[in-house]
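Now for the letters of each chain:
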Amino acid sequence: MEQPDWQGPLTEAYEQATRFLTGLPDRPVGSRATLEQLRASLGGPLPETGTDAREVVARLAEAADPGVVASPSGRFFGFVIGGAMPAALAADWLTGTWDQNAGLYVAGPAAAVVEDVAGGWLRELFGLPAHASVGFVTGAQMSHVTALAAARHEVLRRVGWDVETGGLHGAPRITVLAGADRHSTIDRALRFLGIGTAALVPVKVDAEGRLVTAALRDALDGLDGPAIVCAQLGNVNTGGCDPIGEICDAAHAAGAWVHVDGAFGLWAAASDRHRHLVAGVERADSWTTDAHKWLNVPYDSGLVFCAHPAAHRAAMGVRAAYLVHAGGDERDALDYNPEFSRRARGFAVYAALRCLGRDGVAALIDRSCALAARFATRMAGHVLNEVVLNQVLVGFGPDTADVVRRVQADGTCWVSGTTWHGNPAMRFSVSNFSTDEADIDRAADTILRLAGR
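Residues numbered from 1 in each chain as written. Predicted model: local features only at pLDDT ≥ 70, side-chain atom pairs only at ≥ 80, totals over all residues. Heavy atoms only, no water.

### Quick notes on the pattern of salt bridges
In this structure the tally under the stated criterion is 28 salt bridges. Across the salt bridge formed by Asp-439 and Arg-75, the nearest N and O atoms sit 3.7 Å from each other. A residue pair is termed long-range when its members are at least 10 positions apart, and Asp-439 in helix 14 (residues 437-450) and Arg-75 in the loop between helix 3 (53-64) and helix 4 (86-98) qualify at 364 residues. Look at Asp-439 and you get buried, because its relative accessible area is 12%. The exposure class of Arg-75 is buried, given its relative accessible area of 3%. A salt bridge links Glu-124 to Arg-358; the shortest N-O distance between them is 2.6 Å. Taken together, the residues Glu-124 in helix 5 (residues 109-126) and Arg-358 in helix 12 (residues 346-378) connect sequence positions 234 residues apart. By relative accessible area, which is 46% here, Arg-358 ends up partly exposed. Bridged by salt links that share partners, the residues Arg-374, Arg-378, Asp-441 and Asp-445 form one connected network. (Salt bridge = Lys/Arg side-chain N within 4 Å of Asp/Glu carboxyl O. Helix = DSSP H or I, 4+ residues; strand = E, 2+ residues; numbered from the N terminus. Buried < 20%, exposed > 50% of the residue type's maximum accessible area, 1.4 Å probe, protein only.)

### Considerations on unusual backbone geometry
A cis geometry characterises the amide bond from Tyr-299 onward to Asp-300, with omega recorded as -5°. Within the fold, Asp-300 resides in the loop between strand 6 (286-290) and strand 7 (302-306). A positive phi angle, close to 60°, is found at Asn-296, a residue other than glycine. Within the secondary structure, Asn-296 is located in the loop between strand 6 and strand 7. Its identity as a non-glycine residue notwithstanding, His-421 has a phi of 55°, on the positive side. Residue placement: His-421 occurs in the loop between strand 9 (416-420) and strand 10 (423-429).

### Observations regarding the pairing of strand 1 (residues 133-137)
Among the five residues that make up strand 1, five are buried, leaving the element largely enclosed by the rest of the structure. The alternating pattern of strand 1 places Ser-133, Gly-135 and Val-137 and Val-134 and Phe-136 on opposite faces, both of which are buried.

### A few points about the side chain of Asn-337
Along the polypeptide, Asn-337 turns up in the loop between helix 11 (309-316) and helix 12. There is a polar contact of 3.1 Å between the side chain of Asn-337 and the backbone oxygen of Glu-339. Here the side chain of Asn-337 touches Arg-342 through a polar contact of 3.4 Å, side chain to side chain. Apart from residues lying up to four places away in sequence, Asn-337 is in contact with Phe-136, Val-137, Thr-146, Met-316 and Arg-342. (Polar contact = N/O pair within 3.5 Å; in protein donor to acceptor, adjacent residues only side chain to side chain. Contact = heavy atoms within 4.5 Å.)

### Some details on the sheet that holds strand 10
Pairing is antiparallel in the open sheet, where three strands are placed in the order 8-10-9. Every other strand in the sheet has two partners, leaving strand 8 (391-394) and strand 9 as the edge strands with one partner each. The sheet shows a mean angle of 40° between the axes of neighbouring strands, taken without regard to direction. The pairing of strand 8 with strand 10 spans four bridges and is antiparallel. Residue pairing for strand 10: Val-394 is matched across the bridge by Met-426. Across the sheet, helix 12 touches strand 8 and strand 10, and the angle it forms with strand 8 is around 15°. (Pairing = 2+ DSSP bridges. Axes fitted to C-alpha atoms, helices over the stretch in contact; angles between N-to-C directions.)

### Remarks on the nonpolar core
Of all hydrophobic cores here, the largest spans 57 residues; its most connected members are Leu-122, Leu-216, Trp-267, Trp-287, Leu-295 and Leu-389. Looking at this core, the elements that each hand over two or more residues are helix 5, strand 1, helix 9 (213-220), strand 4 (227-232), helix 10 (244-253), strand 5 (257-261), strand 7 and helix 12. Looking at this core, the element that brings in the most residues is helix 12, giving seven residues. Membership of the second largest hydrophobic core comes to 26 residues, among which are Leu-148, Ala-149, Leu-190 and Ala-199. (Core = buried A, V, L, I, M, F, W, Y, C linked by side-chain atoms within 4.5 Å.)

### Things to note about the sheet that holds strand 4
Sheet strands pair by backbone hydrogen bonding; their relative direction is either parallel or antiparallel. Across the sheet, which stays open at both edges, the seven strands sit in the order 1-7-6-5-4-2-3 with mixed pairing between neighbours. Edge strands, defined here as strands with exactly one partner in the open sheet, are strand 1 and strand 3 (200-203). Taking each pair of neighbouring strands and ignoring which way they run, the sheet shows an average axis angle of 20°. In the sheet, strand 1 pairs with strand 7 via five bridges, with the strands oriented antiparallel. Within strand 7, the position partnered with Ser-133 by the bridge is Cys-306. On the sheet, helix 11 packs against strand 1 and strand 7 and is oriented at approximately 40° with respect to strand 1.

### Quick notes on the state of the cysteines
In this structure the tally under the stated criterion is zero disulfides. The closest cysteine sulfur to the non-disulfide-bonded Cys-241 is located on Cys-369, 9.5 Å from its own sulfur. Classification of Cys-241 by relative accessible area gives buried; the value is 9%. With no disulfide partner, Cys-413 has as its closest neighbouring cysteine sulfur the one in Cys-369, 19 Å distant. (Disulfide = S-S within 2.5 Å.)

### Some words on the packing of helix 9 against helix 10
At a minimum axis distance of 10 Å, the contact between helix 9 and helix 10 shows a crossing angle of 10°. Viewed along their axes, helix 9 and helix 10 adopt a mutual orientation that is roughly parallel. Across the interface between the two elements, Thr-213, Leu-216, Arg-217 and Leu-220 of helix 9 pack against Glu-246, Ile-247, Ala-250 and Ala-251 of helix 10. Among the residues forming the contact of helix 9 with helix 10, the class breakdown is five nonpolar, one polar and two charged. (Parallel < 35°, antiparallel > 145°, perpendicular 65-115°, else oblique. Nonpolar A, V, L, I, M, F, W, Y, C, P; charged D, E, K, R; others polar.)

Dropping the structure here:
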């Protein structure tokens, strides 16, 4: 077998990576390059001849660096983006090195077993049913697609329709009920699945974006036909959590499937201090969460759980003569996610859980929430939400959007903007394992200064 030069490019990559990571405390958080500058440094005609591999890596790092957002920084507070813990990042490097196709057990036995083990650990951590099936996907979007495909299968099966064979043409119409302040990935998943956004019935929410159970009961009352209820743990703006136990009671009494969007809020189940926010979550039918948020593994890493493994496999499974399918206790991952060939995402999740343990995950969640509360205290008089998890909404009146832009341009920290109750707001999310009190205070000082407060 030909033996290429691995040492040169991998050494260069290691040196570039460690330089970036160790420089994060002093690095401006936002991008420092314009679109035109990046096109000039990274573009050009297709090369006619090749370049030495180490030189390629060095040139790539140099050209891309000004356009790399320091999202692994402890002062990145935009969206809900975690960092990458050292053990998880190292495992991700090994994942790329091993280059396993994680679709079939036979193509990557270790990848399959690691996913099985890590999935079991997560079920235990979240308090989900031990029999729930698990799929490793790119993120919450494809987790919703997977879970709602399983829901589509099951609610139609109950009324005598095989959607995998007959499709949706002529099928009984599915009604989907979700909070009026749901995440847009729910709507997008319904588009992908052919259910359509017209099937959505928005349900009243309270001031924190939490679904109102009485309104759900009213919407379910007299409903005829298959139904899916989508609940939310962790409103993307406020962090508010729907009363999931009450929702399960109401939905199941009406024969509806309950899907939980717990992209980051499901992790509250790992904390003794915050578990009350997700009480009753184990009674749902499917769950979505992300590991690249609060577990702090590298992108991309989403997870889907389903309390009805047969429905999960019916919606996702595939058989072909040329494939070598698993038998016995072996597990083919392609039976539980939309991808056929895919990256072995389980290694990084496994490494993070091994490194943290149950206590470490709980401490990570509690610490992030405490830091969010610290920031809210510093922003007294400007906070727009009830801070229950790691999300803080801040407003400076009509100047808010300009303040967000000034903060992003300053580089000390990075925040994102949103609209809340019809007004501009600043979103501040604490999701990174490396964020500390000094980062919070430095960010607060910067934001108040740039807001003229």
